[in-house]
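Each chain, letter by letter, is given below.
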Amino acid sequence: MNKITSHVSAVSLAVVASLSGTVSANTDAPSKEFEGDTIVVSATRSEQSLGDVPASVSVVDASDIEKFVFTDLGNLFKYDPSITATGQSGEAQTLNVRGMGGNRLVYVKDGRRVNDGYAGGGGFLVGRGYFDTDSVAQVEVAKGAASSLYGSDALAGIVVITTKDPSALLASNDFYADLNIGYDSSNKQLKLGTTVAADLNDWKTSAALTSRKGEETQNFAETIPGFDSDALSILLKTENELTSNSNIKFVFDRYEQTYEQTNSVNLDTTTDKNTSTAISAEYFSSLETSFYDQVRLLGYVSQYEQGSDQSRASTRGYTDFNDYRFEQDIWGLQAQFDKTIETSGSNHSLTYGIEFDQYNTERPRYKTRVLADGTVDFTDQQQKAFPGADTDLIGVYVQDQINFSDSPISLIAALRFDSYQMSAKDNAVYDGSEFKDVDEQAISPKLAATFKLNNAVNLYAQYMQGFKIPPHDQAYQSHGVEPFYQILPNADLEAEESESIEVGMKINTDDVKVSLAFFDSSFENFINTQIVKTEPTYIPGVNKAFYQYQNIDSVSIDGWELSASYWMNDQWSAKLNLADTSGKNDETGNALTSISPLSGSLLVTHYQDNWQHTLALRAAKAMTDVETNGEGEKTAQSNGYGVLDWYSQVELDQWRVSMGISNLLDKEYVDYQSIAGQSEQATYEQYTQPGRSLSINVNYAF
């Protein structure tokens, strides 16, 4: 707690002092849609006002997506400095929360767990972030360990994606339809989408279809090799009120994204296709029994496939045709129960349940070689990566939210037990003796307390634990490139574990909303690649390196976050976001490459009749606390920057037009996460962010 205490003394007093004059807000001012009015479910698995949640949760909803013309996962949290994204539009994308990301975050979409990712080229995690923003109602990111409710992978947080329900679209009419057309000049993306909803014999049904066609997102100098990217999203939902207190809902969700590139120099080609399909059925009842007041049952199956067809011409007189794939099928069952129990001095809101998920993961890789004279050297030769795995996860959890009758203190206590088994698939390419089955259990607790200082101010503190089972691609990775390197499997990997402490303050009035959080997290058995040995090769002066994923002792991350919104009057509002994080490998003292420098954003919005205009500043401090390489030299550092964006939105009868100009002053800059860990002598032109670009979205509601 020493780090948290020092952060509090440095920041919180200044924040409270600067806002103390505004906490007693003008009661005549109209109530605004602030974060205190936002309902979230990620932090407690039950609906709760964001202002009352004893945790730091970031939210982007459908109105934000339309206003700021957000087009994919990579820019959803563009103005939240505590969340960074890797990957550009049309490429693999993933989020980083407080310095942790990838498979250390749980992704949940409409109640079901989303597929894993795997380490792809350039350090990107391939396989996550494939959904269309037009169908999204809300995205929540609950920060910090969350395995007490969500089990494995919730080491650093949860990303909860909720899509639009037909019942919400038909809240005021029996029929709804809209048409969306959009364009983004940063990647020349053209979007066409439509959503239709109708009440069909008591079945409220909706269909959302979106098509996107674009190109690569260019750097500032526009020197990135070109590619074409297409995406198609189909979301079908239907729900029926069986009785006055029960309903059933069916969902079909499919997303396709295709990437095509031809190298103009050697004519190498790459065609990647990512396909995600899910079907789910959900039953809800609020018919009270002695065991529960509400019950929610969910069953689902999902299938994800990433295929990469490549042609690679060699200077040795042959061409390789590669068929590389990653496939993962998941089926899951969930049962969640809610029960309220009144006692003489307290109120207990119980949430408890059970989850089962089964993963079938495969990584087929085949190569066909054709010689210069047209002779086929070999066909569909299987290549090594990892053999695939079967994984079973089962978890049981309980949470008690306790409110005391005559006390400003409320508590949340949660506990979850998880059991997981993982075994490598039989594959003739691999020696099965190098793989071991994994059979482990974990217990994850959470304890949170809120102190209601007055009607406007809440203070909170929470302790959380998280864990993550060793991923199949790290435990069973077994391949290399002769004679340069070899990756060895390691089925003795232990589960990663985390502990997080967070303290914070939330202020909620009609005109002022503040969320301030300080956190300190430690990660044990952290999995990272290590060189375990080297040996000489037939090439003079070249040694073969043997890598293996191994557990290292400890990694620690701490920092603070601030989000403050203020309505100056009915025409003007402002929102400030700041985040500062530091992290290191406790074993070596080396800085972590996943940490971003002090960053922030300031958004000032003016409302006039049916118009609203926003001027947004994004800024980051220079990053100098960086990792050192094996020779003790610092890796890449980044300069500080400040970038302005402009947005306007107008509503005219059934029309709604949203426009944005990113990088308004056409500034050249590099985001640290795009160069983290690279050599300080490298050139960073290719990693510069796009120059000035225009985006527009036109919506017509019938």
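Residues numbered from 1 in each chain as written. Predicted model: local features only at pLDDT ≥ 70, side-chain atom pairs only at ≥ 80, totals over all residues. Heavy atoms only, no water.

Engineer: Summarise the overall build of the protein; cite the residues concerned and give the values.
Structural biologist: Helix and strand content of the protein: six helices and 38 strands. For 702 residues, the compact-globule estimate of 2.2 N^0.38 gives 27 Å, and the protein sits close to it at 26 Å. Principal axes of the C-alpha set define a box for the protein whose edges measure 80 × 60 × 55 Å. Relative to its 702 residues, the protein shows a buried fraction of 53%. Considering only intrachain contacts with a sequence separation of at least 6, the fraction spanning at least 24 residues in the protein is 65%. Surface exposure of the protein reaches about 31100 Å², of which carbon and sulfur atoms provide 52%. (Helix = DSSP H or I, 4+ residues; strand = E, 2+ residues; numbered from the N terminus. Rg over C-alpha atoms; globule rule 2.2 N^0.38 Å. Buried < 20%, exposed > 50% of the residue type's maximum accessible area, 1.4 Å probe, protein only. Contact = heavy atoms within 4.5 Å. Areas by Shrake-Rupley, 256 points an atom, 1.4 Å probe, with all protein chains shown as cover.)

Engineer: Give a description of the sheet that holds strand β3 (residues 57-61) that names residues and reports values.
Structural biologist: Consider a sheet: its strands pair through backbone hydrogen bonds, and that pairing is either parallel or antiparallel. If you trace the five strands from one edge of the open sheet to the other, you get β3-β11-β12-β7-β8, paired in mixed fashion. In this open sheet, the two edge strands, each paired with only one partner strand, are β3 and β8 (112-113). Bridge analysis of strand β7 (residues 105-109) against strand β12 (residues 157-163) gives five bridges, and the strand direction is parallel. The residue bridging valine 106 from the neighbouring strand is isoleucine 158, located in β12. (Pairing = 2+ DSSP bridges.)

Engineer: Report on the confidence of the model for the protein, specifying residues and quantitative values.
Structural biologist: Mean pLDDT over the protein stands at 88; residues scoring 70 or higher make up 93%. Overall, residues 1-32 carries pLDDT values under 50, and its contacts beyond four positions in sequence, including any with other chains, amount to 46 contacts. (pLDDT = per-residue confidence, 0-100.)

Engineer: Tell me what's going on with unusual backbone geometry, and back it up with residues and numbers.
Structural biologist: At asparagine 663, a residue that is not glycine, the phi angle is positive and equals roughly 55 degrees. Position of asparagine 663 relative to the elements: it lies in the loop between β37 (655-662) and β38 (693-701). Here asparagine 663 falls in the buried class, since its relative accessible area comes to 3%.

Engineer: Let's hear about the sheet that holds strand β6 (residues 100-101): which residues, and what values?
Structural biologist: Reading across from one edge, β4-β5-β6 is the order of the three strands in this open sheet, with antiparallel pairing throughout. Of all the strands in the sheet, the pair left with one neighbour each is β4 (83-86) and β6. Two elements, strand β5 (residues 94-97) and β6, share two bridges in a ladder whose sense is antiparallel. Within β6, the residue paired with valine 97 across the bridge is methionine 100.

Engineer: Provide a residue-level description of the pairing of strand β32 (residues 543-567), including the pertinent values.
Structural biologist: The buried fraction of β32 is high, at 19 of 25 residues. Sheet analysis places strand β29 (residues 485-488) next to β32, joined by four bridges and oriented parallel. Opposite isoleucine 487, over in β32, you have tyrosine 547 as the bridge partner. The pairing of strand β31 (residues 512-536) with β32 spans 23 bridges and is antiparallel. By the bridge assignment for β32, threonine 529 is matched with tyrosine 549. Between β31 and β32, which follow one another and run antiparallel, lie six residues, and glycine 541 among them has a positive phi close to 80 degrees. Relative to strand β33 (residues 572-585), β32 runs antiparallel, the two sharing 13 bridges. Residue pairing in the sheet places serine 556 in a bridge with lysine 584 of β33. Connecting β32 to the next strand, β33, in antiparallel fashion are four residues.

Engineer: I'd love a proper account of the nonpolar core, names of residues and values included.
Structural biologist: With 41 residues, the main nonpolar core has Leu76, Phe77, Leu95 and Val159 as its most contacted residues. Breaking this core down by element, the ones donating at least two residues are α3 (73-76), β5, β7, β11 (136-143), β12, β31 and β32. Those residues in contact with valine 159 that sit more than four places away from it in its chain are Leu95, Leu105, Val106, Tyr107, Val108, Val139, Glu140 and Val141. (Core = buried A, V, L, I, M, F, W, Y, C linked by side-chain atoms within 4.5 Å.)

Engineer: Go over the side chain of serine 648 with me, naming the residues and quoting the values.
Structural biologist: Of note, serine 648 is situated in strand β36 (residues 641-652). Within the structure, the side chain of serine 648 is placed 2.7 Å from the side chain of histidine 613, a separation counted as a polar contact. One polar contact links serine 648 to tryptophan 646, side chain to side chain, over a distance of 3.0 Å. Beyond its immediate stretch of four places on either side in the chain, serine 648 contacts Trp611, Gln612, His613, Val657, Ser658 and Met659. (Polar contact = N/O pair within 3.5 Å; in protein donor to acceptor, adjacent residues only side chain to side chain.)

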